[in-house]
Amino acid sequence: EERDPDQKEFLQAVQEVFESIEPVFAKHPEYEAAGVLQRFVEPERLVKFRVAWVDDNGDVQVNRGYRVQFNSAIGPYKGGLRFHPTVTESVIKFLGFEQILKNSLTGLPMGGGKGGADFDPKGRSDAEVMRFCQAFMTELQRHIGQFTDVPAGDINVGAREVGYLFGQYKRLRNEFTGVLTGKGLEFGGSLARTEATGYGLCYYTQEALRVLRNDSFEGKTVAVSGSGNVAIFAIEKATELGAKVVTCSDSNGYIYDPKGIDLDVVKDIKLGHRGRIKEYADRVAGSEYHEGCSGVWTVKCDIALPCATQNEIDGTSAQTLVDNGCTVVCEGANMPSTPDAIAVYQKNHILYGPAKASNAGGVAVSGLEMSQNSYRLSWTFEEVDNRLKDIMKNIVSESLDAAKEYGHEGDLMFGANIAGFVKVADAMVAQGIF
Ligand code: NDP
């Protein structure tokens, strides 16, 4: 806190983890002796760089790029790239910090990293996005590699951007390797990677419901926020599992459709022509559009799946969810709940799935993409999807085992923090102090 007093998001993420892992130190005095905690919160490396490019009018634009290589104790750095005007060092560090524990929970050998830029792709042409991606990779390439650091997508970095980034890496390095994940299927991408975070979120939620409540998605009303990659495939899988999803949103407002969201329309708007979600109400009779994205949490639901961005549910929204009968919140986005919101969940015995566990499906399948690239082969959709299901179920059981061991039976947040941390801490102790 003394070192980075202004890094609000980063401190928020660290605080939540610290509260859970305290009891671990009593059982493992070797962690303290090896300075694990102090080393754990300091990134191994953070690069910050200029990204200069020329827009369609011939004007020079300058953005700021970042890559945090946070922790490589259990594998090469791994984590997505985010292009959004709200990107700061604090945001990248919070995401990188969460990523260490998330990657550990998948059981795959991946360390924690994250990156991005304060570039806003809204209203930019395809050619501008390509030139930006090329300029960004021109610097990033010297810091990454298939055995060093393997970036992927995040907000506003999808198939198009990963394609341009990969093309530029290949051009500069003259090598074809699995240096990025989320690639197109023609050049080393994995089947089911696009769906993985949203599907994984639903597999996790379904399993937690089964184990903790002997319940399921069947017949439930679900509120989803966002309408990007994670939201779309969360809506798809929740619907397939028998739920009715009645909302989706973007940063301008939200849709309420009492009949259940028509996903073909959402996909056509968002994936078809990068449109705004408002258009849904013009196209689907009986649906409503409301300005303001936080209103989505006033809609009555049994299960809430926040899939847009950090701090999108505050204490007031959490209380509204509870008052309307919601008993389950599982996070598709990273850190969508503020500390106040989490306090409301805890007080009201909400089944709360924290992001680092519930949205780990994306990076898990990225890990599987790395394996396929190394083998130079590709698995079928079913093969990847089955592995994803197993990984998500395993995260639930590992979290619950850790929670039980440390006296917080049934607490998925506490359990995820501990289960993720212990593996990394053991590896850090074994590898000596540096
Ligand atoms: P996308 O860019 O595909 O979609 C993001 C969605 O969230 C859009 O609907 C966007 O609306 C909305 N959104 C973004 N920023 C804000 C904001 N400041 N306020 C309100 N709404 C906002 O990104 P993803 O679906 O990939 O990512 C969503 C979340 O999931 C992020 O927190 C990301 O870190 C997390 N995540 C993603 C993974 C992945 O595999 N893609 C893996 C694990 C976590 P608009 O169009 O108006 O900007």
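Residues numbered from 1 in each chain as written. Predicted model: local features only at pLDDT ≥ 70, side-chain atom pairs only at ≥ 80, totals over all residues. Heavy atoms only, no water.

Scanning the model with the defined rule gives zero disulfides in all. Cys330 forms no disulfide, and the closest cysteine sulfur to it belongs to Cys202, at a distance of 9.1 Å. (Disulfide = S-S within 2.5 Å.)

Residue Ala192 is not a glycine yet carries a positive backbone phi of 75°. Mapped onto the fold, Ala192 is located in the loop between helix 6 (159-173) and helix 7 (193-213). Phi angles above zero are rare outside glycine, and Arg274 is one such case at about 50°. Mapped onto the elements of the fold, Arg274 is located in the loop between helix 9 (263-273) and helix 10 (279-283). (Helix = DSSP H or I, 4+ residues; strand = E, 2+ residues; numbered from the N terminus.)

Here we come to the packing of aromatic side chains. The description of an aromatic ring pair uses the distance of the two centres, along with the angle that the planes make with each other. Scanning the entire structure with this criterion turns up 21 aromatic pairs. Between the aromatic rings of Phe10 and Phe97, the centroid separation amounts to 5.9 Å while the plane-to-plane angle is 85°, which identifies the pairing as edge-to-face. Residue Phe10 is located in helix 1 (residues 8-27), and its partner Phe97 is located in helix 4 (residues 89-106); the two are separated by 87 residues in the primary sequence. With respect to burial, Phe10 and Phe97 carry one shared label: buried. Through a chain of ring-to-ring contacts, three or more aromatic side chains come together here, namely Phe10, Phe25, Tyr31, Phe40, Phe70, Phe97 and Phe421. Sitting over the face of the ring of Trp379, Arg387 holds its NZ or CZ atom 4.0 Å from the ring centroid. (Phe/Tyr/Trp six-rings, centres within 6.5 Å; stacked < 30°, edge-to-face > 60°. Buried < 20%, exposed > 50% of the residue type's maximum accessible area, 1.4 Å probe, protein only. Lys NZ or Arg CZ within 6 Å of the ring centre and 35° of its normal.)

Attention now moves to the site of the ligand. For the ligand, the set of nearby residues contains 26 residues, the closest of which are Asp154, Thr197, Ser251, Arg276 and Asn334. One nitrogen or oxygen atom from the main chain of Asn229 is found 2.9 Å from an oxygen atom belonging to the ligand. Between the ligand and Val230, the relevant distance is 2.9 Å, taken from an oxygen atom to a main-chain nitrogen or oxygen of the residue. Out of a free accessible area of 890 Å², the ligand has 87% covered by protein chains. Of all elements in the fold, only helix 7 and helix 8 (229-240) reach the threshold of two or more residues within the shell around the ligand. Its residues placed into classes, the shell around the ligand shows six nonpolar, 13 polar and seven charged. (Near = heavy atom within 4 Å. Polar contact = N/O pair within 3.5 Å; in protein donor to acceptor, adjacent residues only side chain to side chain. Areas by Shrake-Rupley, 256 points an atom, 1.4 Å probe, with all protein chains shown as cover. Nonpolar A, V, L, I, M, F, W, Y, C, P; charged D, E, K, R; others polar.)

Before going further, it helps to spend a moment on the packing of helix 1 against helix 4. Remark: helix 1 packs on helix 4, axes separated minimally by 6 Å, with the N-to-C direction vectors making an angle of 25°. Comparing the axis directions of helix 1 and helix 4 gives the class roughly parallel. Contacts from Lys8, Glu9, Phe10, Ala13, Val14 and Val17 in helix 1 reach Ser90, Val91, Lys93, Phe94, Phe97, Glu98 and Leu101 in helix 4. The class makeup of the residues in the contact of helix 1 with helix 4 is eight nonpolar, one polar and four charged. (Axes fitted to C-alpha atoms, helices over the stretch in contact; angles between N-to-C directions. Parallel < 35°, antiparallel > 145°, perpendicular 65-115°, else oblique. Contact = heavy atoms within 4.5 Å.)

Attention shifts here to the confidence of the model for the chain. In this model, the chain carries an average pLDDT of 97, and 100% of its residues clear a pLDDT of 70 or more. Quick note on the complex model: pTM equals 0.98, ipTM equals 0.98. (pLDDT = per-residue confidence, 0-100.)

Right, let's get into the sheet that holds strand 13 (residues 351-353). Strand order in the open sheet formed by five strands is 7-6-11-12-13, with parallel pairing between adjacent strands. Looking at strand neighbours, the two that pair on one side only are strand 7 (244-245) and strand 13, the edges of this open sheet. For strand 11 (residues 303-305) and strand 12 (residues 328-330), the ladder comprises two bridges, and the chain directions are parallel. Counted as the bridge partner of Ala304 is Val329 from strand 12. (Pairing = 2+ DSSP bridges.)

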